[in-house]
Protein chains: 4
Amino acid sequence: TILHIFKEIFKAGVELQSDDHQKALLVSRKKQPTDTIVNVNGEQIGNGTPTFIFGPCAVESYDQVAAVAKEIKAKGLTMLRGGAYKPRTSPYDFQGLGLDGLKILKQVADEYDLRVVSEIVNPADIETAVDYVDVIQIGARNMQNFELLKAAGSVNKPVLLKRGLAATIEEFINAAEYIMSRGNGQIILCERGIRTYEKATRNTLDISAVPILKKETHLPVFVDVTHSTGRRDLLLPTAKAALAIGADGVMAEVHPDPAVALSDSAQQMDFNQFDDFYEQIMKTVKAYQL
Amino acid sequence: TILHIFKEIFKAGVELQSDDHQKALLVSRKKQPTDTIVNVNGEQIGNGTPTFIFGPCAVESYDQVAAVAKEIKAKGLTMLRGGAYKPRTSPYDFQGLGLDGLKILKQVADEYDLRVVSEIVNPADIETAVDYVDVIQIGARNMQNFELLKAAGSVNKPVLLKRGLAATIEEFINAAEYIMSRGNGQIILCERGIRTYEKATRNTLDISAVPILKKETHLPVFVDVTHSTGRRDLLLPTAKAALAIGADGVMAEVHPDPAVALSDSAQQMDFNQFDDFYEQIMKTVKAYQL
Amino acid sequence: TILHIFKEIFKAGVELQSDDHQKALLVSRKKQPTDTIVNVNGEQIGNGTPTFIFGPCAVESYDQVAAVAKEIKAKGLTMLRGGAYKPRTSPYDFQGLGLDGLKILKQVADEYDLRVVSEIVNPADIETAVDYVDVIQIGARNMQNFELLKAAGSVNKPVLLKRGLAATIEEFINAAEYIMSRGNGQIILCERGIRTYEKATRNTLDISAVPILKKETHLPVFVDVTHSTGRRDLLLPTAKAALAIGADGVMAEVHPDPAVALSDSAQQMDFNQFDDFYEQIMKTVKAYQL
Amino acid sequence: TILHIFKEIFKAGVELQSDDHQKALLVSRKKQPTDTIVNVNGEQIGNGTPTFIFGPCAVESYDQVAAVAKEIKAKGLTMLRGGAYKPRTSPYDFQGLGLDGLKILKQVADEYDLRVVSEIVNPADIETAVDYVDVIQIGARNMQNFELLKAAGSVNKPVLLKRGLAATIEEFINAAEYIMSRGNGQIILCERGIRTYEKATRNTLDISAVPILKKETHLPVFVDVTHSTGRRDLLLPTAKAALAIGADGVMAEVHPDPAVALSDSAQQMDFNQFDDFYEQIMKTVKAYQL
């Protein structure tokens with residue numbers, strides 16, 4: 001019947017449209033079928049072996065960062081995170097040490113031979129940040145700060161892009177495209193939970209986003225278990241789920257003394273918890289022969 | 001200072017309140033620290049070994065159900081699902097075969113020595129259903145149909161309770177309490193995705209709900225990967241994540257010919273996909289020595 | 001170009017599809033261009049003059065209901081609400097007086113010549129309810145309790161159908177269609193807020209739903225300002241907005257002594273607040289010559 | 001009883017806490033009980049008479065903006081909006097004319113004696129923007145771009161701050177505080193819809209946010225009916241609701257030929273629709289004696 005023919009044409013039209021759209025994106029797997037492996041000073045991200053990024057929420061002092069770095073190094077790990085510029089809901093909350101924080105991270109990273117991941121929040125700071133960090137993090141609140149994306153796309157430095165608080169997967173992919181369209185294809189995507197009505201967790205970890213992002217793009221995909229859940233007791237189970245579903249790595253916060261942390265005190269691991277977390281998660285890695 | 005004392009009293013008050021509240025619940029782990037194992041005619045659910053429930057979205061005919069049952073049996077599995085009463089958005093969509101559907105399920109289950117899980121939607125049908133099904137399913141749309149919960153709580157038959165479309169974990173736990181408070185403690189909780197702004201998936205699988213429910217209650221927790229995602233390509237990865245995070249079982253839809261299914265045609269597995277799904281998920285089970 | 005032609009056909013296809021779908025619905029304005037006016041024992045709902053429904057959250061005693069009825073009557077109003085069957089999150093919360101509650105409502109309504117709106121939650125109770133209430137309310141948690149909808153559609157009694165906690169407008173319209181497809185077209189739709197991430201209000205009043213429902217269907221549309229907001233201070237402003245945007249009526253809760261109410265104590269108006277609310281809202285009604 | 005005393009202390013504690021928090025904010029009504037009136041070159045915003053801001057989504061050409069300006073002027077209005085820097089989901093969508101767009105706006109505004117509202121997206125552009133616009137708009141995607149907020153807080157120019165896509169009211173208020181804490185108290189808040197599961201509208205207009213923001217802060221509150229709804233047919237009813245609930249003004253998009261607009265073509269009004277919209281909304285203004 002004519003209605004059936006219309007339906008078929010309709011379907012073909014829909015596919016044509018979405019095909020066209022996806023064909024245009026540099027980050028899409030249609031454009032590049034093979035996985036992008038991001039090279040962070042020799043550390044390969046997205047090569048099949050999961051990578052872990054640990055560190056305090058915020059850089060508070062040299063001693064604090066060095067203490068965490070020592071723990072990371074002792075586990076044979078290579079990546080250190082820490083916030084120098086802190087986007088905070090209230091202007092009266094601790095805003096981070098800024099450039100001094102980046103300097104502390106750089107010094108500690110040099111001493112312990114680690115790679116630094118740190119968030120930059122102002123397009124004007126990207127150029128400077130390149131000298132201090134090994135991975136530029138763009139945070140959830142800035143996922144559609146397109147000026148910042150463009151600036152990060154214009155330098156030769158890996159970028160870890162976090163999904164926005166209420167960003168769709170399509171918007172997330174397009175935000176990555178802003179970076180890659182400027183010439184920088186060294187991008188790590190990071191699912192960090194989305195805002196929903198549920199209040200048992202700080203955000204709702206959208207675990208399905210991991211396989212979707214792996215399918216739609218050729219970029220490595222991380223899961224930030226700390227901000228996804230906001231609960232120390234959920235870090236390990238969600239990290240296990242992240243690796244099982246195919247994430248290329250996991251990010252979590254570690255602090256020498258979470259109770260006195262200047263931010264996120266309720267969700268960072270102390271060193272004992274960190275040891276336990278790492279021991280348990282390595283069992284998963286081995287079980288899967290990841 | 002007096003302000004500090006007030007704060008301390010305040011905290012104590014908060015804890016007292018929530019303590020009180022949780023103490024009252026029969027389903028809470030505070031009431032019963034050990035895991036409830038639900039016995040479905042000899043099949044132990046929640047004993048540490050994951051259970052799988054497969055079957056078509058809707059019962060359409062004896063042949064259709066028998067074909068699926070044969071596949072399930074061939075894998076050494078024991079649980080069969082199928083909808084006889086179908087809650088559908090539109091009154092003009094297929095509403096299920098009703099009691100005839102239950103009879104088909106019963107006949108097939110007897111022939112293949114399987115246990116039947118099927119949804120009941122009317123409190124008045126609970127008494128009859130007991131003769132046909134081994135597990136009464138209460139669907140997402142009925143999670144707060146308290147009359148149905150009370151009716152299910154008044155019979156001696158395991159209940160699989162699905163989380164509501166937009167139910168909080170607290171509401172979910174309280175819905176289970178409706179059942180248990182009537183005397184029926186044989187309850188399986190089932191996370192099946194929640195409604196969010198994200199449209200890449202039919203619902204958003206709230207994977208963190210699994211460890212939270214395991215911690216807060218003593219009941220077995222399942223994940224329905226079909227309705228969580230609504231996408232055939234996400235069934236396997238989400239099932240792996242579900243088992244990795246500690247789910248007691250996984251539910252997924254299988255149909256002899258999904259393209260002609262009377263409901264959910266886009267998300268059911270055909271038999272080849274089912275074989276592949278099961279082979280892959282068993283690798284996860286073995287990797288974890290579940 | 002061929003692509004352009006395809007696009008045009010595609011658009012035509014989309015319109016054809018949705019046309020088809022809407023054509024099928026009895027509640028749609030395409031089916032009946034003129035407004036349905038619901039007649040509740042002589043009170044015309046949906047005739048251009050706004051209707052107000054007031055009353056306590058739950059029926060607690062004859063004296064309580066009679067006190068409210070007296071206030072309603074004194075304002076020249078005709079509609080009284082009150083819950084006899086209360087769907088509550090916890091089984092240990094007050095569940096309502098049941099049939100005794102309906103009897104109280106009936107007695108008071110007879111004495112004060114008012115029409116009663118009361119929620120029914122079990123399909124089995126619909127037949128009985130017909131003798132006690134003038135409008136059967138179907139609550140948010142039961143909007144997709146299709147057995148209840150079918151039962152309500154099978155009697156000759158107006159139905160006030162509340163939107164589900166997280167129901168789409170399309171699902172809401174289809175729920176009404178369940179009722180009308182069984183023969184009962186005396187339906188009042190009631191927006192009562194949807195579940196979102198925002199916690200400043202109990203739910204988020206989706207005010208745009210009112211003109212959409214008025215456009216898509218021929219049914220009267222109410223706004224329940226009490227449950228939309230959960231805040232006494234927002235009842236009046238949201239009621240004003242509801243009338244300004246074209247709602248056919250407003251529902252709000254009134255209790256002789258909210259502080260000791262067995263449910264919803266934080267959001268019901270006492271009599272002084274009720275007087276003030278009514279005086280203010282009538283100014284809006286007059287300003288608009290509604 | 002001791003439990004009752006505890007409860008009372010508990011309540012007092014809660015109030016103390018939130019009191020403390022709100023006392024700290026410069027934007028809060030506790031800090032300044034009287035309404036802030038924002039003066040935009042003589043146009044008083046927040047003085048009890050509603051203000052209207054109209055204009056195209058994006059500045060496309062001098063002729064396009066001038067045509068709209070002429071229509072605005074003919075109605076005796078004084079405010080013109082238009083986007084020169086356009087935050088777009090895809091890097092391949094029209095990104096706006098940038099500084100050239102600001103120059104066009106300035107020229108047209110001078111010719112028609114209008115005041116210009118235009119979005120700035122890069123902190124580095126704030127200083128320049130001051131010479132071209134009368135109100136700096138900060139868009140939804142940048143509501144928590146704290147560097148931009150700080151930059152806008154450091155100049156002497158009114159700021160129209162839009163609520164973020166999924167921002168809570170508390171976060172919105174704190175974003176305004178970022179601006180005011182830097183010395184600039186000339187802030188207009190703008191509700192523009194929040195992201196929810198409902199897809200009948202582009203966003204869900206959170207109309208209750210208006211009275212809450214008016215109560216919690218002393219700042220004028222606008223409603224952007226275009227982005228809240230994304231539907232031309234809902235602009236007028238939502239504008240009526242906005243004024244009825246107490247908004248200080250309404251923003252809506254107008255374009256000489258929406259069908260060929262470079263952005264938001266589906267939701268802008270053409271001049272006939274604009275005439276009708278304005279005529280109808282003025283009836284509401286008069287009815288309320290606003």
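Residues numbered from 1 in each chain as written. Chains lettered and ligands numbered in written order. Predicted model: local features only at pLDDT ≥ 70, side-chain atom pairs only at ≥ 80, totals over all residues. Heavy atoms only, no water.

Help me out: how do you make sense of the overall build of chain A in this one?
A count of helical and extended segments in chain A gives 10 helices and 10 strands. Taking 2.2 N^0.38 as the reference for a compact globule, 290 residues should give roughly 19 Å; the C-alpha atoms of chain A span a radius of gyration of 19 Å, in line with that estimate. Referenced to the eigenvectors of the C-alpha coordinate spread, the extents of chain A come out at roughly 75 × 40 × 40 Å. Classification of the 290 residues of chain A by burial places 63% in the buried group. Taking as baseline every contact in chain A between residues at least 6 positions apart, the subset at least 24 positions apart corresponds to 70%. Summing over all exposed atoms, chain A offers an accessible surface of approximately 10100 Å²; the carbon and sulfur share of this is 50%. (Helix = DSSP H or I, 4+ residues; strand = E, 2+ residues; numbered from the N terminus. Rg over C-alpha atoms; globule rule 2.2 N^0.38 Å. Buried < 20%, exposed > 50% of the residue type's maximum accessible area, 1.4 Å probe, protein only. Contact = heavy atoms within 4.5 Å. Areas by Shrake-Rupley, 256 points an atom, 1.4 Å probe, with all protein chains shown as cover.)

Could you clarify how one ought to interpret the nonpolar core in this entry?
Proteins that are soluble and globular tend to have nonpolar side chains buried together. One finds Phe 52, Phe 54 and Leu 161 of chain A together with Phe 52, Phe 54 and Leu 161 of chain B to be the most contacted residues of the largest nonpolar core, which totals 156 residues. With residues up to four places along the chain from it excluded, the contact list for Phe 54 of chain B reads Ile 72, Leu 77, Met 79, Leu 80, Arg 81, Ala 252, Val 254, Met 269, Phe 274, Phe 277 and Tyr 278 of chain B. In this structure, Ile 138, Phe 146 and Leu 189 of chain C together with Val 65 of chain D belong to the second largest nonpolar core, which totals 155 residues. (Core = buried A, V, L, I, M, F, W, Y, C linked by side-chain atoms within 4.5 Å.)

It is not clear to me how the interface of chain A and chain B should be interpreted in this structure. Could you clarify?
Interfaces are frequently sized by the accessible area removed from exposure as the parts join. Facing 34 residues of chain A, the contacting portion of chain B comprises 34 residues. Buried surface at the junction of chain A and chain B, both sides included, amounts to about 2500 Å², of which 65% is carbon and sulfur. Counting the surface chain A buries against chain B, the share from its top three residues, Tyr 197, Glu 198 and Tyr 288 of chain A, is 21%. Summed over the shared surface of chain A and chain B, the number is four salt bridges. Ionic pairing is found between Arg 163 of chain A and Glu 198 of chain B, a salt bridge with its closest N-O pair at 2.7 Å. Summed over the shared surface of chain A and chain B, the result is 10 residue pairs in polar contact (both at pLDDT 80 or more). (Buried area = accessible area lost by both parts, 1.4 Å probe. Salt bridge = Lys/Arg side-chain N within 4 Å of Asp/Glu carboxyl O. Polar contact = N/O pair within 3.5 Å; in protein donor to acceptor, adjacent residues only side chain to side chain.)

Looking at this structure, how should I read helix H9 (residues 235–244) of chain B?
Residue pairs spaced three or four apart in an α-helix point in one direction, given the helix's 3.6 residues per turn. Where burial is concerned, most of H9 of chain B is hidden: nine out of the 10 residues are buried. Just past H9 of chain B, the residue Gly 246 of chain B takes up positive phi, approximately 110°.

Just to check I follow, could you spell out the relation of the copies chain D and chain A for this structure?
Here two copies of a chain appear, and what relates them is a rotation about an axis with a shift along it. The operation relating chain D to chain A is a screw motion whose rotation component is 180°, with 0.0 Å of axial translation and a residual RMSD of 0.0 Å. With respect to symmetry, the two chain copies, as superposed, fit the operation of a two-fold axis. Residue Ala 166 of chain D, judged by its C-alpha, is the member of chain D lying nearest the rotation axis, at 3.0 Å. By residue overlap, the copies meet face to face through one surface: 100% of the interface positions of chain D are interface positions in chain A. (Least-squares fit on C-alpha atoms with pLDDT ≥ 70 in both.)

Would you take a moment to explain the packing of helix H5 (residues 146–153) of chain D against helix H6 (residues 169–180) of chain D for this structure?
Packed helices, taken two at a time, are described by their axes: the angle between them and the distance between them. All names here are of chain D. Where H5 contacts H6, the two axes come as close as 7 Å, and the packing angle between them is 45°. Relative to H6, H5 is oriented oblique. Counted together, Phe 146, Leu 149, Lys 150, Ala 152 and Gly 153 of H5 and Ala 175, Tyr 178 and Ile 179 of H6 form the full contact between these two elements. Here the residues of the contact of H5 with H6 are counted per class, giving six nonpolar, one polar and one charged. (Axes fitted to C-alpha atoms, helices over the stretch in contact; angles between N-to-C directions. Parallel < 35°, antiparallel > 145°, perpendicular 65-115°, else oblique. Nonpolar A, V, L, I, M, F, W, Y, C, P; charged D, E, K, R; others polar.)

I'm lost on the sheet that holds strand S9 (residues 221–224) of chain A in this one. Help?
Sheet strands associate in pairs through backbone hydrogen bonding, adopting either a parallel or an antiparallel arrangement. Residues and elements named next belong to chain A. With parallel pairing, eight strands are arranged side by side around a closed barrel as S3-S4-S5-S6-S7-S8-S9-S10. Neighbour-to-neighbour, the strand axes of this sheet turn through a mean angle of 25°, independent of strand direction. Note: strand S6 (residues 135–138) against strand S7 (residues 159–162), three bridges, orientation parallel. If you follow Ile 138 over to S7, its bridge partner there is Leu 161. Against the sheet, helix H10 (residues 271–287) makes contact with strand S3 (51–55) and strand S10 (249–253), and its axis sits at roughly 170° relative to S3, the strand it touches most. (Pairing = 2+ DSSP bridges.)

Whenever I open this one, the interface of chain D and chain A confuses me. Can you help?
With 30 residues of chain D in contact, the opposing surface of chain A contributes 30 residues. Both sides together, the interface formed by chain D and chain A hides about 2500 Å², and carbon and sulfur atoms give 51% of it. Here Arg 195 of chain A makes a salt bridge to Glu 171 of chain D, at a shortest N to O gap of 2.7 Å. Inspection of the region where chain D meets chain A yields 16 residue pairs in polar contact (both at pLDDT 80 or more). In terms of residues, the side of chain D that touches chain A owes the most to one element, H6 of chain D, which gives four residues. Classifying every residue of the side of chain D that touches chain A gives 13 nonpolar, 10 polar and seven charged.

Would you take a moment to explain the side chain of Gln 144 of chain D for this structure?
Within the secondary structure, Gln 144 of chain D is located in the loop between strand S6 (135–138) and H5. Polar contacts involving the side chain of Gln 144 of chain D include one to the side chain of Arg 141 of chain A, which spans 2.8 Å. Sequence-distant contacts of Gln 144 of chain D, that is, excluding residues within four places in its chain, are made with Thr 89, Arg 141 and Leu 165 of chain A together with Glu 171 of chain D.

How should the relation of the copies chain A and chain B be read in this particular structure?
When chain A is fitted to chain B, the best match, at an RMSD of 0.0 Å, comes from turning it 180° and sliding it 0.0 Å along the axis. The fraction of interface residues of chain A whose copies in chain B are also interface residues reaches 100%, indicating that both copies meet through the same surface.

Hey, could you run me through the domain arrangement of chain A in this one?
Residues and elements named next belong to chain A. For chain A, the assigned domains read domain 1 (1–30) and domain 2 (34–287). A C-alpha centroid distance of 36 Å is found between domain 1 and domain 2. In this assembly, eight residues from domain 1 lie in contact with 15 residues from domain 2. Both faces considered, domain 1 and domain 2 share a buried interface measuring about 940 Å² in area, 48% of it formed by carbon and sulfur atoms. Three residues, Leu 26, Val 27 and Arg 29, lead the burial of domain 1 against domain 2; their summed loss comes to 72% of the area buried on that side. In this assembly, domain 1 and domain 2 are joined by eight residue pairs in polar contact (both at pLDDT 80 or more). By residue class, the composition of the side of domain 1 that touches domain 2 is four nonpolar, three polar and one charged. (Domains from an automatic or database assignment.)

Would you mind going over the side chain of Thr 229 of chain B with me for this structure?
When you line up the elements, Thr 229 of chain B lands in helix H8 (residues 225–229). Setting aside anything within four residues of it in sequence, one finds Thr 229 of chain B in contact with Ser 208 of chain A together with Thr 201, Arg 202, Leu 234, Leu 235 and Thr 238 of chain B.

When you look at helix H3 (residues 99–112) of chain D in this model, what are you seeing that I'm missing?
Residue and element names in this part refer to chain D. With 14 residues, H3 extends 20 Å from end C-alpha to end C-alpha; this agrees with the ideal 20 Å at 1.5 Å per step. When H3 is considered as a whole, its buried residues turn out to be Gly 101, Leu 102, Ile 104, Leu 105, Val 108 and Ala 109. Axial view of H3: buried residues confined to an arc of 160°, hence all on one face. Against helix H2 (62–74), strand S4 (79–81), strand S5 (115–119) and helix H4 (126–129) lie the buried residues of H3. (Expected span 1.5 Å × (residues − 1). Arc of directions from axis to C-beta.)

Looking at this model, I keep getting lost on the packing of H2 of chain D against H3 of chain D. Mind explaining?
Residues and elements named next belong to chain D. Across the interface, H2 lies against H3 with an axial gap of 10 Å and an inter-helix angle of 35°. Two packed elements cross with a definite hand, and for H2 against H3 that hand is right-handed. For the pair H2 and H3, the contacting residues are Tyr 62, Val 65, Ala 66, Ala 69, Lys 70 and Lys 73 in the first and Ile 104, Leu 105, Gln 107, Val 108, Glu 111 and Tyr 112 in the second. (Left-handed = near helix turned anticlockwise from the far one by under 90°.)

Honestly, the pairing of strand S8 (residues 187–191) of chain A in this entry has me stumped. Any pointers?
A regular strand places its side chains on the two faces of the sheet in alternate fashion. All names here are of chain A. Within S8, five of the five residues are buried, leaving the element largely enclosed by the surrounding structure. Taking every second residue as pointing to the same face, both faces of S8 are buried, with Ile 187, Leu 189 and Glu 191 on one and Ile 188 and Cys 190 on the other. In this structure, S7 lies alongside S8, joined through four bridges in parallel fashion. Pairing of Val 159 across the sheet is with Ile 187, part of S8. Assessed by its sense of winding, the connection that carries the chain from S7 through helix H6 (residues 169–180) to S8 is right-handed. Of the strand pairs in this sheet, S8 and S9 are connected by three bridges, and their pairing is parallel. Across the sheet, the residue bridging to Cys 190 is Phe 222, located in S9. (Right-handed = clockwise from strand over helix to strand, strands pointing away.)

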